[in-house]
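Descriptive analysis of the structure
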Amino acid sequence: MRLLILSLLFTSTLAWFYGRDEPDRWSVGGVWPLPQKIIYGSKNRTLTYDKIGIDLGDKKDCDILLSMADSYMNKWLFPFPVEMKTGGTEDFIITVTVKEECPGGPPVHGASEEYLLRVSLSEAVINAQTVWGALRAMETLSQLVFYDQKSQEYQIRTAEIFDKPRFPVRGIMIDSSRHFLSVNVIKRQLEIMSMNKLNVLHWHLVDSESFPYTSVKFPELHGVGAYTARHVYSREDIADIIAFARLRGIRVIPEFDLPGHTSSWRGRKGFLTECFDEKGEETFLPNLVDPMNEANFDFISEFLEEVTETFPDQFLHLGGDEVSDYIVECWVRNKKIRKFMEEKGFGNDTVLLENYFFEKLYAIVEKLKLKRKPIFWQEVFDNNIPDPNSVIHIWKGNTHEEIYEQVKNITSQNFPVIVSACWYLNYIKYGADWRDEIKGTAPSNSRPRASAAAERLWSPAEKTQRAEDAWPRMHELRCRLVSRGYRIQPNNNPDYCPFEFDEPPATKSEL
């Protein structure tokens, strides 16, 4: 009987549990996101810290490439907590050649991120049109490096790689209004984004709840609207984040939502309408801009001039979503607003009042000294008349089919689109919810994690169809990021990493 029980236990272990992937099923030198074309060599090369170098050629004074060389040489190429071996190998030089000059500002929309990478037993060669392509190539090269447990040494896989992104906008939105995020937390997010080849930080800076953006021209905004005096981003903080993002090939697009989601703008007197409940009593919860007050449009113009001087990206997100949530309370029940609508010939049609506001906003954007391309949430397309120069941001849709239909409808009218409806990263499900479909759930409800979205936005569609094929590379990516010091959540079934995340030891003052 004892032998039979032992045999049954052993058989279950071999099959692993319930047909799941083995907990140590990770790739070796796998690249994430998957490149356009990658051909691995048959041999690997041993690497030691003292025998590796980076040659930047005629771009040796470029701050972006210097920062890249420092980060990878001193942190990311050798991330695992093992004793570093030295000597015993020939020199291994990474030569970086970039055609275009080193840019003084952040990347612009559509800038090339294409690169060629060749890793042989004697050297590595990176060729790119821009420094942004060189950044992506260096991250790819770092992922070819792995730690061999048997020989106890770092090795790099030989390979030839051609790569470029599938889409030019691959971003993550952070909301620092509802939940304030420290500068260091945002920087950590930017680091991880660059390691996944994401290139846009959509910064939802302000909302109904708080106004953490520090305005020089209008200090009353953050003075009244911020949670506290400590929960703000100073001018130096914002410049620091933009500069930090630039060194990692990431653009920062700010969002200032108008005319709704504006309760935190209450520091500006006369900017918001009075709102009323069903009994006609004021609620003192204003959340819509007062379109009657002509001075408000002068204020918006001055404010956006400051915003464009602060954020260099050529795109400016101006929201426009969920206006209907506040219309009855703040416009329909407001006698002054109704009288204004009658005077303008709008009758009871609040859509015409919305269009009135947006038309004046479009005129303001058009006259900005530093020209910007506006982005609006999809309601501005669905309910209003968007400016022909606008980009429409899709965030709604209950099924893939609805989202595809929305994209088709908008692009057929010659509007560029940004699609976010497919991947709400805050919608967390049990289990491996980064996969496109979880057994037993509707495909429209499963949400991938950011790394999964990053691969679908970068890699060829035909090569990224099966989560089962991607899983070993994602497992290796997670373990690499964990060793780099980031708390990356487990992304599949029960598994482990060769080196797990660990907190630094407590200091005496913490004990």
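Residues numbered from 1 in each chain as written. Predicted model: local features only at pLDDT ≥ 70, side-chain atom pairs only at ≥ 80, totals over all residues. Heavy atoms only, no water.

**Some details on the overall build of the protein chain**
Helix and strand counts for the protein chain stand at 14 helices and 14 strands. Burial analysis of the protein chain (511 residues in total) assigns 50% to the buried set. Taking the intrachain contacts of the protein chain between residues at least 6 apart in sequence as the baseline, contacts between residues at least 24 apart amount to 72%. Working note: accessible area of the protein chain is about 24,800 Å², and carbon and sulfur atoms make up 53% of it. Charge-centre separation for the protein chain: the mean point of 61 positive side chains lies 3 Å from the mean point of 74 negative side chains. (Helix = DSSP H or I, 4+ residues; strand = E, 2+ residues; numbered from the N terminus. Buried < 20%, exposed > 50% of the residue type's maximum accessible area, 1.4 Å probe, protein only. Contact = heavy atoms within 4.5 Å. Areas by Shrake-Rupley, 256 points an atom, 1.4 Å probe, with all protein chains shown as cover. Lys, Arg positive; Asp, Glu negative; His and termini not counted. Charge placed at Lys NZ, Arg CZ, Asp CG, Glu CD.)

**Some remarks on the packing of aromatic side chains**
Under the counting rule described, the total for this entry stands at 33 aromatic pairs. When the centroid spacing of 4.6 Å and the interplanar angle of 20° are considered together, the rings of F180 and Y233 count as stacked. Separated by 53 residues along the polypeptide, F180 in the loop between β8 (171–175) and α4 (183–195) and Y233 in the loop between α5 (220–225) and α6 (235–246) bring together distant segments of the chain. Relative accessible area serves as the criterion here: at 26%, F180 is assigned to the partly exposed category. The exposure class assigned to Y233 is buried, which follows from its relative accessible area of 0%. The interplanar angle of 65° and the centroid separation of 5.7 Å between the aromatic rings of F340 and Y356 together place this pair among those described as edge-to-face. Within this pair, whereas F340 is found in helix α9 (residues 335–343), its partner Y356 is found in helix α10 (residues 350–366), the two being separated by 16 residues in sequence. For the residue pair F340 and Y356, the accessibility class agrees, reading buried in each case. Clustering of aromatic rings is evident, with ring pairs tying together F211, Y213, F218, F256, W265, F271, F299 and F303. A cation sits over an aromatic face here: R251 above F315, 5.1 Å from the ring centre. (Phe/Tyr/Trp six-rings, centres within 6.5 Å; stacked < 30°, edge-to-face > 60°. Lys NZ or Arg CZ within 6 Å of the ring centre and 35° of its normal.)

**Looking at the domain arrangement of the protein chain**
Domain annotation for the protein chain reports domain 1 (26–163) and domain 2 (171–421). Each of domain 1 and domain 2 has a C-alpha centre, and the two are 39 Å apart. At the junction of the two partners, domain 1 supplies 24 residues and domain 2 supplies 17 residues. Carbon and sulfur atoms supply 52% of the area that domain 1 and domain 2 bury against each other, a total of about 1,700 Å² over both sides. Our count for the domain 1 to domain 2 interface comes out at two salt bridges. (Domains from an automatic or database assignment. Buried area = accessible area lost by both parts, 1.4 Å probe. Salt bridge = Lys/Arg side-chain N within 4 Å of Asp/Glu carboxyl O.)

**A word on unusual backbone geometry**
Residue P33 follows W32 across a cis peptide bond; omega there is -5°. Mapped onto the elements of the fold, P33 is located in the loop between α1 (2–14) and β1 (37–47). Of note, the amide linkage connecting L258 to P259 takes the cis form, showing an omega dihedral of 0°. The topology assignment puts P259 in the loop between β10 (251–255) and α7 (294–310). The phi torsion at Q152 lies on the positive side, around 55°, for a residue other than glycine. You can see Q152 is positioned in the loop between β6 (145–148) and β7 (153–163). Of note, F284 is a non-glycine position whose phi angle comes to about 60°, a positive value.

**What to know about empty space enclosed by the protein**
Scanning the model with the defined rule gives five cavities of 30 Å³ or more in all. Of the volumes computed, that of the largest cavity is approximately 150 Å³. Taken together, 14 residues line the largest cavity, and the ones lying closest to its centre are Y72, L135, S194, L247 and R248. Elements supplying a minimum of two residues to the lining of the largest cavity: α2 (63–76), α3 (131–144) and α4. Looking at the lining of the largest cavity, its residues break down into six nonpolar, three polar and five charged. When residues of the lining of the largest cavity are sorted by domain, at least three fall in each of domain 1 (26–163) and domain 2 (171–421). The volume enclosed by the second largest cavity comes to roughly 60 Å³. Around the second largest cavity sit L47, T48, E83, M84, K85, Y147, Q152, E153 and Y154, which together line it. (1 Å grid on protein atoms, 1.4 Å probe; cavity = no way out; pocket = protein on both sides within 12 Å on 5 of 7 lines; lining within 4 Å. Points joined across faces, edges and corners; volume = space filled by probe spheres on them. Nonpolar A, V, L, I, M, F, W, Y, C, P; charged D, E, K, R; others polar.)

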